[in-house]
Amino acid sequence: QEQLVESGGGSVQAGGSLRLSCAASERLFRTAVLAWYRQAPDKQRELVAAINSGGTTTYADSAKGRFTISRDNAKNTVHLQIVDLKSDDTAVYYCKSTYYSGGIIDDYWGQGTQVTVSS
């Protein structure tokens, strides 16, 4: 069964750090592009960062400098490290896998993990 399971969210004070994790099933991880998105209240979901199977990373302009995406190939897990958290980082963070299977490319989303930053 395919799955993406996010963890690591929580409530933190501004200036703090969090490390989000997304554990993926094999098919959703091995050759996939894995990405973190976030959706703040009353806002559209937006890309934060992505990493491909070769380890090449892409960041939204708003994420450069404070966010780091990485993947642990031994554990089928992708991480998002966030430092110097700000109130604007408050959102539900989602993991997404864009994977190739059976001749098609498809997307699979996790259920999300809440990050709340208090000032």
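That block above? That's the structure.
Residues numbered from 1 in each chain as written. Predicted model: local features only at pLDDT ≥ 70, side-chain atom pairs only at ≥ 80, totals over all residues. Heavy atoms only, no water.

Next up on the list: the environment of Ile51. The residue Ile51 is located in strand β5 (residues 46-51) in this model. Judged by its relative accessible area of 4%, Ile51 falls in the buried class. Distance in space between the C-alpha atoms of Ile51 and Arg71 is 7.6 Å, their sequence separation being 20 residues. Dropping the residues within four chain positions of it, Ile51 is found in contact with Ala32, Val33, Leu34, Thr56, Thr57, Ile69, Ser70, Arg71 and Val78. (Helix = DSSP H or I, 4+ residues; strand = E, 2+ residues; numbered from the N terminus. Buried < 20%, exposed > 50% of the residue type's maximum accessible area, 1.4 Å probe, protein only. Contact = heavy atoms within 4.5 Å.)

Looking now at unusual backbone geometry. Glycine aside, a negative phi is what most residues show, and trans is what most peptide bonds show. Its identity as a non-glycine residue notwithstanding, Asn76 has a phi of 50 degrees, on the positive side. Counting through the fold element by element, Asn76 comes out in the loop between β7 (67-72) and β8 (77-82). Backbone geometry places Asp84, a non-glycine residue, at a positive phi of 50 degrees. Within the secondary structure, Asp84 sits in the loop between β8 and β9 (91-101).

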